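Now for the letters of each chain:
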Amino acid sequence: MYKLFFDLVFKRMDPEQAHYLAFRWIRLAARTPVLRTFAAAALAPRYEELRTEALGLRMHGPFGLAAGFDKNAVAIDGMAMLGFDHVEIGTVTAQAQPGNPKKRLFRLVPDRALINRMGFNNEGSAAVAARLGARVPVFKTVVGVNIGKTKVVPEEEAAADYVASTERLARHADYLVVNVSSPNTPGLRNLQATESLRPLLTAVREAADRTVTDRRVPLLVKIAPDLADEDVDAVADLALELGLDGIIATNTTIAREGLGLKSSPDLVKETGGLSGAPVKERSLEVLRRLYARVGDRLVLVGVGGIENAEDAWQRILAGATLIQGYSAFVYEGPFYARAIHKGLAARLAASPYETLAEAVGAETRKATQ
Ligand SMILES: Cc1cc2nc3c(=O)[nH]c(=O)nc-3n(C[C@H](O)[C@H](O)[C@H](O)COP(=O)(O)O)c2cc1C
């Protein structure tokens, strides 16, 4: 049904327009009690065996919405209604900014992929903090807050920019993510180098502790799939050294390997971050590498090309406690999260593991023993 709808309606529209239209419907449904009760019952069934505890938080399951879909925190309940067990809002920057000129989002339908160069279009951390502060949740869901650097702020002043967002947003965050891996803000990914990352993460940690004194806000860093293996190791070691809570692997890629055979070569040439099926393999590889290095000492969040329950299960076996998706939601539609939950529950039942937690990293542990 959704595939037909996608072909007839969304595919004929500009991808960004289609995004806003879908977004409006989701928000409308979430605001309408009858619709939201019906939708949540159909799309967000709960599986006791998928209950997940991570980062000191309790969730209905491990699967959440990746950052970038709800940049301004306007549809948290809508996304929970669709079955996402956590919603990562943002990326939010200290200053409001319009993002890159349009067109900036492209669908590579035959490759089940997207290319985006949105450029952190968002209302800024003050406005988003005010919205989160005023929010009366309908669904109890975990809210992650993903922060990034304002485009006009020079790289040398990045830490102060992240700190400003942290001071405004940390109190509203169940967990906080430092995004240093989007390819669409010039220089941002240089912050992944440990000499830049160490002071940045230290400053954000201090700012979170200074502004939120009644609990410790979990802090994670989100990395790119384009990091060399040694750099993945370096970030993992740094995260342990600084007492971070987790790593999100991965963001979109600037690589274009294996593309252009199915999707139009003109589309493949568009600048930006590639996501969806083509990033699956490298995201999984980065996750395995991270788990082999840090084991259970950090919470690893697997994201990148998760299209179905099998992909989600593979991430869990590789070492992810939490998993996220974005691009496949565009192609799979409102039943995306439900299919993942159902399939995960079935796979867990058929596996030798009693609990999901036992399955986390099981394959990577076997391979490295
Ligand atoms: C249109 C679009 C916008 C995105 N914006 C952000 C963002 O603002 N911050 C961020 O950390 N990741 C952003 N991402 C990356 C996703 O969160 C995710 O890491 C990546 O797309 C890989 O997952 P997927 O293959 O399931 O899409 C964006 C992705 C897309 C497709």
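Residues numbered from 1 in each chain as written. Predicted model: local features only at pLDDT ≥ 70, side-chain atom pairs only at ≥ 80, totals over all residues. Heavy atoms only, no water.

Visitor: Just to check I follow, could you spell out the site of the ligand for this structure?
Guide: Residues in contact with the ligand amount to 25 residues; listed here are only the nearest, Ala67, Thr91, Gly276, Gly305 and Ser327. Here Lys71 contributes a side-chain N or O atom positioned 2.9 Å from an oxygen atom of the ligand. One of the side-chain nitrogen or oxygen atoms of Ser327 is found 2.6 Å away from an oxygen atom of the ligand. Within the complex, 98% of the 610 Å² of free accessible area of the ligand lies under protein. When residues of the shell around the ligand are traced back to their parent elements, those giving at least two are β4 (86-92), β6 (113-116) and β11 (273-276). The residue inventory of the shell around the ligand, partitioned by class, reads eight nonpolar, 15 polar and two charged. (Near = heavy atom within 4 Å. Polar contact = N/O pair within 3.5 Å; in protein donor to acceptor, adjacent residues only side chain to side chain. Areas by Shrake-Rupley, 256 points an atom, 1.4 Å probe, with all protein chains shown as cover. Helix = DSSP H or I, 4+ residues; strand = E, 2+ residues; numbered from the N terminus. Nonpolar A, V, L, I, M, F, W, Y, C, P; charged D, E, K, R; others polar.)

Visitor: I'm lost on the pairing of strand β5 (residues 105-108) in this one. Help?
Guide: If a strand is regular, its side chains alternate between the two faces of the sheet. Burial along β5 is two-sided: Leu105 and Arg107 facing one way and Phe106 and Leu108 facing the other are all buried. Two elements, β5 and β6, share four bridges in a ladder whose sense is antiparallel. Across the sheet, residue Arg107 finds its bridge partner in β6, namely Leu114. Once β5 ends, the chain turns through four residues before running back antiparallel as β6, passing Arg112 with a positive phi of about 50 degrees. (Buried < 20%, exposed > 50% of the residue type's maximum accessible area, 1.4 Å probe, protein only. Pairing = 2+ DSSP bridges.)

Visitor: I keep staring at the packing of helix α5 (residues 125-134) against helix α6 (residues 158-169) and nothing clicks. Help me out?
Guide: For any two helices packed against each other, the geometry is given by the interaxial angle and the distance between the axes. For the pair α5 and α6, interaxial distance at closest approach is 9 Å and the crossing angle is 15 degrees. Compared by their axis directions, α5 and α6 come out roughly parallel. Crossing of α5 over α6 shows right-handed handedness. On α6, the residues touching Ser125, Ala126, Val128, Ala129 and Leu132 of α5 are Ala164, Ser165, Arg168 and Leu169. The class makeup of the residues in the contact of α5 with α6 is six nonpolar, two polar and one charged. (Axes fitted to C-alpha atoms, helices over the stretch in contact; angles between N-to-C directions. Parallel < 35°, antiparallel > 145°, perpendicular 65-115°, else oblique. Left-handed = near helix turned anticlockwise from the far one by under 90°. Contact = heavy atoms within 4.5 Å.)

Visitor: Got a minute to help me understand the nonpolar core in this structure?
Guide: One recurring pattern in soluble globular proteins: nonpolar side chains tend to sit buried together. Within the largest apolar cluster, 88 residues are counted, with the highest numbers of intra-cluster contacts made by Ile89, Tyr162 and Ile247. Grouped together as the second largest cluster of nonpolar side chains are 14 residues, Leu55, Ala66, Val299 and Leu322 included. (Core = buried A, V, L, I, M, F, W, Y, C linked by side-chain atoms within 4.5 Å.)

Visitor: Teacher, can you tell me more about the environment of Ser181 here?
Guide: In this structure, Ser181 sits in the loop between β8 (175-179) and α7 (194-211). In sequence terms Ser181 and Asp226 are 45 residues apart; their C-alpha atoms lie 9.1 Å from each other. At a separation of 2.8 Å, a polar atom in the side chain of Ser181 contacts the main-chain carbonyl oxygen of Lys222.

Visitor: Looking at this structure, how should I read the sheet that holds β6?
Guide: Sheet strands line up and pair through hydrogen bonds in the backbone, either parallel or antiparallel. Read from one edge of the open sheet, three strands run β5-β6-β11, paired in antiparallel fashion. Each edge of the open sheet carries a strand with a single partner, namely β5 and β11. Shown here is a sheet whose adjacent strand axes are inclined to one another by a mean of 25 degrees, direction ignored. Note that β6 and β11 share four bridges and pair antiparallel. Across the sheet, Ile115 pairs through a bridge with Leu274, a residue of β11.

Visitor: I would appreciate a short explanation of the packing of aromatic side chains in the present structure.
Guide: Between two aromatic rings, the relevant description is the distance of the centres plus the angle of the planes. All chains considered together, the criterion is met by eight aromatic pairs. Here Phe63 and Tyr336 contribute two aromatic rings whose centre-to-centre distance is 5.3 Å and whose plane-to-plane angle is 85 degrees, an arrangement assigned as edge-to-face. Note that Phe63 is positioned in strand β3 (residues 63-65) and Tyr336 in helix α13 (residues 336-350), a separation of 273 residues in sequence. For the pair formed by Phe63 and Tyr336, the shared burial category is buried. Taken together, the ring pairs in this structure connect Phe23, Phe63, Phe69, Phe84, Tyr326, Phe329 and Tyr336 into an aromatic cluster. (Phe/Tyr/Trp six-rings, centres within 6.5 Å; stacked < 30°, edge-to-face > 60°.)

Visitor: Looking at this model, I keep getting lost on the pattern of salt bridges. Mind explaining?
Guide: Should the charged atoms of two oppositely charged side chains come close, the side chains can pair. For the structure on display, the rule yields 26 salt bridges. A cluster of three or more residues bridged by salt bridges with shared partners is formed by Asp229, Asp233, Asp237, Arg282, Glu285, Arg289 and Arg293. (Salt bridge = Lys/Arg side-chain N within 4 Å of Asp/Glu carboxyl O.)

Visitor: I'm lost on helix α8 (residues 229-241) in this one. Help?
Guide: Every α-helix winds through 3.6 residues per turn, so residues three or four apart in the chain are directed the same way. Here α8 is 13 residues long and its end C-alpha atoms lie 18 Å apart, about the 18 Å a rise of 1.5 Å per residue gives. Among the residues making up α8, those that are buried are Val232, Asp233, Val235, Ala236, Leu238 and Ala239. Considering only its buried residues, α8 is in contact with α7, β9 (219-223), β10 (246-249) and α10 (280-294). Trailing α8 by a residue or two, Gly243 shows a phi angle of about 70 degrees, which is positive. (Expected span 1.5 Å × (residues − 1).)

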